[in-house]
Amino acid sequence: MTAHSTLAFTLYPYARSADQDRTTPAHHKVIVVGGGPVGLAMALDLGLRGVPVLVLDDNEGVGEGSRAICFSKRCLEICDRLGAAGPMMDKGVVWNVGKVFHDDRLLYEFNLLPEGGHAFPAFINLQQPYFEKYLHDAILAAQAKGAPIEMRGGNRVTQVTPDATGATLEIDTRDGSYTLRTDWLIACDGARSPLRGMLGLGFDGRVFEDNFLIADVRMKADFPTERWFWFEPHFKSGASALLHKQPDDVWRIDFQLGWDIDRKAELDPAKIRARVDAMLGPDVSYDLVWTSIYTFQCRRMDRFRHGRVLFAGDAAHQVSPFGARGANSGLQDVDNLGWKLAAVMAGQAPDSLLDTYEVERIHGADENILNSTRATDFITPKSPVSKMFRNAVLDLAATQPFARTIVNSGRLSVPCTYDGSALNGPDSDQMPPRSRPGSVCPDAPTPEGWLLNRLSTGFTLLTINADAPETLTAHGQTIPRLALTTTPELTARYLGSANGAVYLIRPDHHVAARWETYDEAAVTKALARALGKDA
Amino acid sequence: MLITTPNLSRPDDSYARLIATHEGLSEAESHALNARLILILMNHIGDADVLAQAMELARKA
Ligand SMILES: Cc1cc2nc3c(=O)[nH]c(=O)nc-3n(C[C@H](O)[C@H](O)[C@H](O)COP(=O)(O)OP(=O)(O)OC[C@H]3O[C@@H](n4cnc5c(N)ncnc54)[C@H](O)[C@@H]3O)c2cc1C
């Protein structure tokens, strides 16, 4: 990988900390290792909840090279809760149309056009360095308002010793090494997670025997803002190819190269240009912004929680990029872990609540791994028979709509529903399945703004055409009520055929339980359950 | 439930048509045709459980 050799943005330059001069290790409440998208969001989530958090990263900012480009609606909703979505939307490219080609034939096109009445689109395209920078900008803004977040760049963790009450870390800096003590350690140190290695933990799954050449090119071309995917493209630049628009006139191009390749030769700019020229035609001029060759894996840790050490993001699970589920699912880890850790640390929830982080996010990781494994198998068939069926699907897809439902160039990330979670309470069969307990609250317009913006940072009691007290105080929580009356969107998304609806909503905007009318005892019981007190 | 009791309206006709459909094709073309045919029939059947039973039966036979 060529990334990380130079920095796209220097965000948190190394600065000597007083902790480095201490004779006894300084004690921190939470240390996050890794300042990638997941570590940054984790720090922001905890800091905004008032939990003191220290982030250690071996770099001093964001590496060159984009990696992720597609950020999902749910990811943006989470970033919005964290105060970072505005610049992402301003800079990002919104796209809805995808075209799928086989050889030189357009098989079909699809439109992601989401239903109306949501603050965020299905996807935006944005280079990962911008995504990280905007999260970091939100950290600076939060710090200015007093959020207890500290960033230390140029701090590489070299050793971890976990125990029953936390962990001791050994850290290398340009001024030498020092030791820190923490109550909680969150490992967001990426797919190669050195921490995972230091703890001797496995990371099993499948490696796909294929190499993908990623080239980001800058060009003033009037290709539309659409996702174009080719199976067996006529221009022969790869076994499959992808063209996708990013901000700053940059386009992501992917070529599937096969397994037995000479990496070094393939990274020769002349050779890359030959492939790109064949795809774009001889008359298009462009600059190569960033190129890299990847092999892809789908794998996860057996457990995301090891006592007081929690793993999140690529450190815990890794998927192939087809479906844009890497960073997007990492942000959902953060969403799930932040409020739980804050509640446990505040003594409002039992330690076992953190076990449900693992259960719920393993459920999410498995869903993502399943989806991206299937997409990768479709794009890179592993046997002659599998290739035969794949091509039969493509042949039919040109004329038969049913076959298009089988074509899989990546099922784009949608949030996971925590069906069967121990935190889920009662459901009502009068109400729509899409907002059943465990699911993410669908956004909706309300007279005073977007619904998701109006939910509290803790639990919320949402009522639609139903009576309830203005606040409920129980189990250490003061829960505000958000009282709404019906609109077409709220009826379709929340009410269904019920006359009224009472939703208990978790701090991560997942539905905990729902009823047709308010009953204090029932809501209090569901709250206890959602806090893990019922296990 | 997968139907395994006799269900073809005209078994001899349909079987003869299946063979005739492959006439003049190379082995590779025949395999590709079979693959398309399976996909078309899968869609017609639709039900995932029935399809799973059929696949299991085919694998066992
Ligand atoms: C080609 C490609 C395309 C992709 N496209 C998409 C997409 O469209 N959408 C999407 O959602 N995802 C996509 N992904 C996945 C996405 O890039 C990752 O999921 C995401 O970067 C994971 O974030 P992270 O914070 O978990 O890890 P990383 O981004 O890997 O960050 C880990 C951080 O930890 C630091 N670190 C490591 N070791 C130490 C140590 N010992 N001490 C201190 N710090 C340390 C590193 O310097 C780094 O800053 C793509 C990936 C690739 C390769």
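Being a predicted model, the structure only gives us computed values, none of them experimental.

*Asks:* How should the domain arrangement of chain A be read in this particular structure?
*Replies:* For an interface, size is often stated in terms of accessible area lost upon the parts coming together. Residue and element names in this part refer to chain A. Each assigned domain of chain A is listed with its residue range as follows: domain 1 (7-92 + 126-201 + 299-368), domain 2 (205-297) and domain 3 (433-530). Taking only C-alpha atoms into account, the centre of domain 1 sits 29 Å from that of domain 3. Taken residue by residue, the interface counts twelve residues in domain 1 and 14 residues in domain 3. Buried area between domain 1 and domain 3, both sides added, is near 1,000 Å², and the carbon and sulfur share of it is 43%. Put simply, domain 1 and domain 3 have one salt bridge between them. Close ionic contact of Glu360 with Arg506 constitutes a salt bridge, the shortest N to O distance being 2.9 Å. At the boundary of domain 1 with domain 3, the tally comes to seven residue pairs in polar contact (both at pLDDT 80 or more).

*Asks:* Hey, could you run me through the confidence of the model for chain A in this one?
*Replies:* Low pLDDT means the predicted coordinates in that region are not meant to be read closely. In this model, chain A carries a mean pLDDT of 94, and residues with pLDDT of at least 70 account for 99%. Note that residues 1-5 of chain A has pLDDT below 50 and, in this model, twelve contacts with residues that lie over four places away or in other chains.

*Asks:* Teacher, can you tell me more about a nonpolar patch on the surface here?
*Replies:* Residue and element names in this part refer to chain B. Together, Tyr15, Leu18, Ile19, Leu37, Leu41 and Ile45 give the surface a local cluster of nonpolar side chains, amounting to about 540 Å² of exposed area. Contributions of two or more residues to the nonpolar patch are made by α1 (11-21) and α2 (27-45). Considering the arrangement of structural elements, one finds Leu41 in helix α2.

*Asks:* How do you make sense of helix α10 (residues 384-397) of chain A when you look at a structure like this?
*Replies:* Residues three or four positions apart in an α-helix share a direction because the helix packs 3.6 residues into each turn. Between its terminal C-alpha atoms α10 of chain A stretches 20 Å, which fits the 20 Å expected from 14 residues at 1.5 Å a residue. Those residues of α10 of chain A hidden inside the fold are in contact with β7 (97-102), β8 (105-111), β15 (227-231), α9 (353-379) and α11 (401-404) of chain A together with α2 of chain B.

*Asks:* Would you mind showing me how to read the pattern of salt bridges here?
*Replies:* Once their charged atoms are close, side chains differing in charge can pair, the charge on each being opposite to the other. Residue and element names in this part refer to chain A. Going through the model one piece at a time under the given rule, you end up with 40 salt bridges over all chains. Residues Glu266 and Arg275 are paired through a salt bridge, measuring 3.0 Å at the closest nitrogen-oxygen approach. Grouping residues by exposure puts Glu266 and Arg275 together as buried. For Asp508, the salt bridge is made with Arg506, and the minimal N-O distance between the two is 2.8 Å. Classification of Asp508 as buried rests on a relative accessible area of 0%. Through salt bridges with shared partners, a single ionic network connects Asp45, Arg49, Lys73, Arg74, Glu77, Arg81 and Asp335.

*Asks:* Is there a simple way to explain the sheet that holds strand β5 (residues 70-72) of chain A in this structure?
*Replies:* To summarise the sheet geometry, strands pair through backbone hydrogen bonds and adopt either a parallel or an antiparallel arrangement. All names here are of chain A. One open sheet holds the three strands; their spatial order is β5-β9-β6, and the pairing between them is antiparallel. Edge strands, defined here as strands with exactly one partner in the open sheet, are β5 and β6 (93-94). With two bridges joining them, β6 and strand β9 (residues 123-125) adopt antiparallel strand pairing. For Val94, the partnering residue across the bridge sits in β9 and is Ile124.

Cut-offs used in this document
- Residues numbered from 1 in each chain as written.
- Chains lettered and ligands numbered in written order.
- Predicted model: local features only at pLDDT ≥ 70, side-chain atom pairs only at ≥ 80, totals over all residues.
- Heavy atoms only, no water.
- Domains from an automatic or database assignment.
- Contact = heavy atoms within 4.5 Å.
- Buried area = accessible area lost by both parts, 1.4 Å probe.
- Salt bridge = Lys/Arg side-chain N within 4 Å of Asp/Glu carboxyl O.
- Polar contact = N/O pair within 3.5 Å; in protein donor to acceptor, adjacent residues only side chain to side chain.
- pLDDT = per-residue confidence, 0-100.
- Patch = residues over 30% accessible without salt bridge, like charges linked within 9 Å, V, L, I, M, F, W, Y side chains within 5 Å.
- Areas by Shrake-Rupley, 256 points an atom, 1.4 Å probe, with all protein chains shown as cover.
- Helix = DSSP H or I, 4+ residues; strand = E, 2+ residues; numbered from the N terminus.
- Expected span 1.5 Å × (residues − 1).
- Buried < 20%, exposed > 50% of the residue type's maximum accessible area, 1.4 Å probe, protein only.
- Pairing = 2+ DSSP bridges.

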